[in-house]
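# Report on the structure
Each chain is listed here by its residues.
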Amino acid sequence: MSPTPTAAGPRHNPKVTTALRRFAISISVLNIFGYTVLGFEQPWTWPFIALATAYATEIVLEVLGARSEGRAPRFAGGGVKGMVEFLFPAHITALAVNMLSYVNDLVWVMVFGVIVAVGTKWVLRAPVKGRMRHFMNPSNFGIAVILVLFPWASIAPPYQFTEYLDGGFDWLVPAIIISLGTMLNAKLTERMWLILAWVGGFALQAVVRGLVFDTSIPAGLAMMSGVAFVLFTNYMITDPGTTPSSKWGQMAFGGGVAALYGVLTAMSVAYGLFFATALVCAIRGAFLWTSDIVSRKRAEEALALAAVTQAVARADAETKAAEAAPAEGSAPAADTPACTCPAGACACPAPASAEADTRKTPVAA
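These lines cover the structure that appears in this document, whether it is placed above or below. It should be emphasised that the depicted structure is a prediction, and the values quoted were computed from it without experimental measurement.

What follows concerns the overall build of the protein chain. A count of helical and extended segments in the protein chain gives twelve helices and four strands. Residues classed as buried in the protein chain amount to 39% of the 365 residues present. The contacts in the protein chain between residues at least 6 apart in sequence include a share of 73% that link residues at least 24 apart. Only carbon and sulfur atoms are counted for the fraction: they give 67% of the accessible area of the protein chain, which is about 20500 Å².

Next up, the structure:
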């Protein structure tokens, strides 16, 4: 018999769902504003193509995954609200890949990047607290794959976010992103330690590169004022599904991305932000797998040791029981002579251990 499909539990806790909803709303508003006011470079139809691709890929993979795991799809049973909440991650990923990558007029490359980004959640997974979770930042990985496989592709030009703003309004966009992103990450995703480590590490690597490689320190620090950096800091690197939740884990993740970015930049590797994030996510995935394997091995060793200890204790108990058995109901010694005196003629000898005289004593008639 085939296993009965079990009901799928909630995909995210309520706080994460709220964060995803606000992420989705924010990136949607930014795209609308970008295509109508800011001057986004991609054709205006591409966001819709990206969304359709991401929705279809997410739903198909979820149906296949639910069937293989013997459960109901996570979007089933929740009505329209359940379906919308299920598609929040795909919505964010699709708009991010289209908005942050530039592939000339080859829309199929953008579609490929969206499919890779959504599909990686089912391929690159690791055990986290007893559940298989994806560890690679989806939209970042999709963009990184595009940059690797298509060398002529690039990230979207940073000026597109403020191309048609002047008179001081070009500072308004990053200010809004910083304000909204900080509130979102402080209250919902709880990734402020990661942001602090990332920003501090980025400033540190700019200074170190200036001192070691004689690059311009002000130029390295000036990148932190751009819209692309602000977007990356508040809406890319803080993905709650692919970053640690502990304080020290967040600091290690953010500082690690900054350090790797400095190394890649010193090696003249372009687009270091995306590659550094992908590498740190891969390192975290390897760490999660290693921790799980070590934990399983230790658990198996503990079970084996407990079984051996129990067997030794059982053997000791059986040995003690066998030694104590003769004392409880001992029979007469085999060399004790049987009494052969006729009744009333003599007295039988006492056992050898007795102090009495063992000679036969006549009995008077």
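Turning our eyes to something else, we now look at the environment of Val128. Mapped onto the fold, Val128 is located in strand β2 (residues 125-128). The partly exposed category is assigned to Val128, whose relative accessible area is 22%.

Another point: the packing of helix α1 (residues 14-38) against helix α4 (residues 88-100). Running from N to C, α1 and α4 point in directions that differ by 35 degrees, and their axes come no closer than 9 Å. Seen along the crossing, α1 lies across α4 with a hand that is left-handed. Residues Thr17, Leu20, Arg21, Phe23, Ala24, Ile27, Ser28, Leu30, Asn31 and Tyr35 of α1 lie in contact with α4, whose contacting residues are Phe88, Pro89, His91, Ile92, Leu95, Ala96, Asn98 and Met99.

With that settled, the discussion passes to the environment of Ala276. Along the chain, Ala276 falls in helix α12 (residues 272-328). Residues Ala276 and Val257 lie 19 residues apart in sequence; the distance between their C-alpha atoms is 5.4 Å. Non-local contacts of Ala276, meaning those with residues more than four positions away in its chain, are made with Val257, Leu260, Tyr261 and Leu264.

With four bridges joining them, β2 and strand β3 (residues 131-134) adopt antiparallel strand pairing. Across the sheet, the residue bridging to Arg125 is His134, located in β3. Connecting β2 to the next strand, β3, in antiparallel fashion are two residues, including Lys129 with a positive phi near 55 degrees.

Take the side chain of His91 next. Topologically, His91 is positioned in helix α4. At a separation of 2.7 Å, a polar atom in the side chain of His91 contacts the side chain of Tyr55.

Taking 1.5 Å per residue, 22 residues should reach 32 Å; helix α8 (residues 192-213) reaches 31 Å between its end C-alpha atoms and fits that length. Within α8 the residues assigned to the buried category are Leu194, Ile195, Ala197, Trp198, Gly201, Phe202, Gln205, Ala206, Arg209 and Gly210.

Glancing now at the packing of helix α7 (residues 172-189) against helix α10 (residues 227-236). At a minimum axis separation of 9 Å, α7 and α10 run at an interaxial angle of 10 degrees. With respect to their mutual orientation, α7 and α10 come out roughly parallel. Contact residues: Val173, Pro174, Ile177, Ile178, Leu180, Gly181, Thr182, Leu184 and Asn185 in α7; Val227, Val230, Leu231, Asn234 and Tyr235 in α10. In terms of residue class, the contact of α7 with α10 is built from ten nonpolar, four polar and no charged.

On to the side chain of Arg191, then. The residue Arg191 is located in the loop between α7 and α8 in this model. Among buried charged residues, Arg191 stands out as having no salt bridge; its nearest opposite-charge side chain is Glu190, 5.6 Å away. Looking at Arg191, its side chain comes within polar contact range of the main-chain oxygen of Pro244, at 3.3 Å. Excluding anything up to four places from it in sequence, Arg191 contacts Asn185, Thr238, Pro240, Thr243, Pro244, Ser245 and Gln250.

On inspection of all chains with the given rule, the structure shows seven salt bridges. Residue Arg71 is joined to Glu69 by a salt bridge in which the shortest nitrogen-to-oxygen separation is 2.7 Å. A single network of salt bridges, built from pairs that share partners, joins Glu62, Glu69, Arg71 and Arg74.

Attention now goes to the nonpolar core. With 58 residues, the main nonpolar core has Met99, Val114 and Trp198 as its most contacted residues. Per-element tally for this core: the top contributor is α12, with eight residues. Contact partners of Trp198, with chain neighbours within four places excluded, come to Phe229, Phe232, Thr233, Ile237, Gly254, Gly255, Val257, Ala258 and Leu273. Core analysis: the second largest hydrophobic core is formed by nine residues, Leu20, Phe23, Ala24 and Leu188 among them.

The next point concerns unusual backbone geometry. Although it is not a glycine, Glu190 adopts a positive phi angle of roughly 55 degrees. Along the chain, Glu190 falls in the loop between α7 and α8. Not every positive phi belongs to a glycine, and Ser268 is a case in point at roughly 65 degrees. Structurally, the position occupied by Ser268 is in the loop between α11 (247-266) and α12.

So, how was this worked out
Residues numbered from 1 in each chain as written. Predicted model: local features only at pLDDT ≥ 70, side-chain atom pairs only at ≥ 80, totals over all residues. Heavy atoms only, no water. Helix = DSSP H or I, 4+ residues; strand = E, 2+ residues; numbered from the N terminus. Buried < 20%, exposed > 50% of the residue type's maximum accessible area, 1.4 Å probe, protein only. Contact = heavy atoms within 4.5 Å. Areas by Shrake-Rupley, 256 points an atom, 1.4 Å probe, with all protein chains shown as cover. Axes fitted to C-alpha atoms, helices over the stretch in contact; angles between N-to-C directions. Left-handed = near helix turned anticlockwise from the far one by under 90°. Pairing = 2+ DSSP bridges. Polar contact = N/O pair within 3.5 Å; in protein donor to acceptor, adjacent residues only side chain to side chain. Expected span 1.5 Å × (residues − 1). Parallel < 35°, antiparallel > 145°, perpendicular 65-115°, else oblique. Nonpolar A, V, L, I, M, F, W, Y, C, P; charged D, E, K, R; others polar. Lys, Arg positive; Asp, Glu negative; His and termini not counted. Salt bridge = Lys/Arg side-chain N within 4 Å of Asp/Glu carboxyl O. Core = buried A, V, L, I, M, F, W, Y, C linked by side-chain atoms within 4.5 Å.

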